Amino acid sequence: MRLDAAIAEATDRLRDVSESPRLDAEILLCRTINMPRAYLFAHPEDTLDDLTIDRLEDVLGRRASGVPMAYIIGIKEFWSHEFAVTPATLVPRPETEILVNLALCDIPREAEWRILDLGTGSGAIAIAIACERRLCDVAAVDISEGALTVARENARLLAPGNVSCVQGNWTEPVRDRQFDLVVSNPPYVRAGDPALAKLHYEPQSALIAGEDGLDAIRVLAADCVDILVEGGALMIEHGADQADDVAALLSRHGWTDIACHNDLAGLPRVTAARRSGK
Ligand code: GLN
């Protein structure tokens, strides 16, 4: 089979499952033949041998059944870095970059802040911040050892020196510490949300947070007060329809300066609040 025919056929197979079937097909093909993408266009008449066709069939089959590209190729780009990801971690989403951006607006360039990322997963948020603020000390907490293994490796490669990964349940392993800033992309999808049908390859514990999707955010709103310095900020990603509920929750726990920020799609996505004096 020729390369151009293989791309066309693979694109057709991925049409139902992917928003970018041709791009996915090209990436899977060039990874299978171990060539850069430009090779596909320079040599459309090249032919694939049977062994290569079998290997392509394997990855295409996985993608066609809904496995995210990031799990098949093992990486996802976030904040211009390539993060290793596995099914133990959520695939970092582009909308989460707004949380990184917001955090960086708060952290002065030469600050030596102690920063905490709760529910770090692949470490994307913690590491993106640590790369931009090398003098800060970033703690990345997750309850999942599987996720932390991935986060540790990403930290070692991308931000050696200023990220430490800690296993535990939300603030529990850092209760005796104080931070200048806490960030989190916690699970916030409602149990039974139809959107979950497309997300079943990702760790459900990183996505679902009870009937109203707010279980994890309730914990953060209650517990982060005790580990932040006075005036320190808490920044939480949430669902586009949860901004009012999150603001109400934070307000009930005494947080001040509560403000919601939109993602690039114009959807309310991250709420920030400050710890006032006790
Ligand atoms: N934004 C993700 C989604 O809806 C959910 C991520 C999360 O729960 N933290 O696909």
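All of these numbers come straight from a predicted model, not from anything done at the bench. (Residues numbered from 1 in each chain as written. Predicted model: local features only at pLDDT ≥ 70, side-chain atom pairs only at ≥ 80, totals over all residues. Heavy atoms only, no water.)

A. Summary view of the nonpolar core. With 35 residues, the main nonpolar core has Val100, Ile107, Ile129, Val163, Leu181, Val183 and Met235 as its most contacted residues. Counting residues per element, the ones that place at least two in this core are helix H6 (97-106), helix H7 (124-132), strand S4 (137-142), helix H8 (145-158), strand S5 (163-167), strand S6 (179-184), strand S7 (228-237) and strand S9 (268-274). Here this core takes eight residues from H7, the largest share from any one element. With residues near it in sequence (within four places) discarded, Val100 still touches Phe78, Trp79, Ile125, Ala128 and Ile129. Grouped together as the second largest cluster of nonpolar side chains are 26 residues, Ala216, Leu234, Trp255 and Ala273 included. (Core = buried A, V, L, I, M, F, W, Y, C linked by side-chain atoms within 4.5 Å. Buried < 20%, exposed > 50% of the residue type's maximum accessible area, 1.4 Å probe, protein only. Helix = DSSP H or I, 4+ residues; strand = E, 2+ residues; numbered from the N terminus. Contact = heavy atoms within 4.5 Å.)

B. Broad picture of the packing of aromatic side chains. One pass over the structure, following the stated rule, counts one aromatic pair. Taking the centre distance of 6.1 Å and the plane angle of 70° together, the rings of Phe78 and Phe83 count as edge-to-face. On the basis of relative accessible area, Phe78 is assigned to the buried category, the value being 1%. (Phe/Tyr/Trp six-rings, centres within 6.5 Å; stacked < 30°, edge-to-face > 60°.)

C. The arrangement of the sheet that holds strand S3 (residues 114-118) in detail. Pairing is mixed in the open sheet, where seven strands are placed in the order S5-S4-S3-S6-S7-S9-S8. The open sheet has two edge strands with one neighbour each: S5 and strand S8 (256-262). Strand-to-strand twist in this sheet, taken as the mean axis angle between neighbours without regard to direction, amounts to 20°. In terms of strand pairing, S6 meets S7 through five bridges, oriented parallel. Of the residues in S7, the one forming a bridge with Ser184 is Ile236. Contacting S3, S6 and S7, helix H9 (residues 215-223) crosses the sheet at an angle of about 170° to S7. (Pairing = 2+ DSSP bridges. Axes fitted to C-alpha atoms, helices over the stretch in contact; angles between N-to-C directions.)

D. Molecular detail of the environment of Leu48. Checked against the element boundaries, Leu48 lands in the loop between helix H3 (37-42) and helix H4 (50-64). Between the C-alpha atoms of Leu48 and Leu264, which are 216 residues apart in sequence, the distance is 41 Å. Look past the residues within four positions of Leu48 in its chain and what remains in contact with it is Met1, Leu3, Ala6, Leu29, Ile33, Ile53 and Leu56.

E. Fine view of the pairing of S9. Counting buried positions along S9 yields five of seven residues, so the element is predominantly enclosed. By the bridge criterion, five bridges tie S7 to S9 in an arrangement that is antiparallel. Within S9, the position partnered with Ile236 by the bridge is Thr271. Pairing between S8 and S9: five bridges, direction antiparallel. Each bridged residue has a counterpart across the sheet, and for Ala259 the counterpart in S9 is Ala272. Counted between consecutive antiparallel strands, the loop separating S8 from S9 contains five residues, among which Gly266 sits at a positive phi close to 80°.

F. Structural context of H7. Along H7, eight of the nine residues are buried, which leaves the element largely enclosed by surrounding structure. Restricting attention to buried positions, one finds in H7 the residues Ala124, Ile125, Ala126, Ile127, Ala128, Ile129, Ala130 and Cys131.

G. Main features of the site of the ligand. Around the ligand, the neighbouring residues are Leu90, Arg93, Glu95, Asn185, Pro186, Pro187, Tyr188, Val189, Leu199, Ala206, Leu207 and Glu237. Arg93 places a side-chain nitrogen or oxygen 2.8 Å from an oxygen atom of the ligand. A distance of 2.8 Å separates a nitrogen atom of the ligand from a polar side-chain atom of Tyr188. Surface burial for the ligand is 86%, taken as the share of its 300 Å² of free accessible area covered by protein chains. Of the residues in the shell around the ligand, the class split is eight nonpolar, one polar and three charged. (Near = heavy atom within 4 Å. Polar contact = N/O pair within 3.5 Å; in protein donor to acceptor, adjacent residues only side chain to side chain. Areas by Shrake-Rupley, 256 points an atom, 1.4 Å probe, with all protein chains shown as cover. Nonpolar A, V, L, I, M, F, W, Y, C, P; charged D, E, K, R; others polar.)

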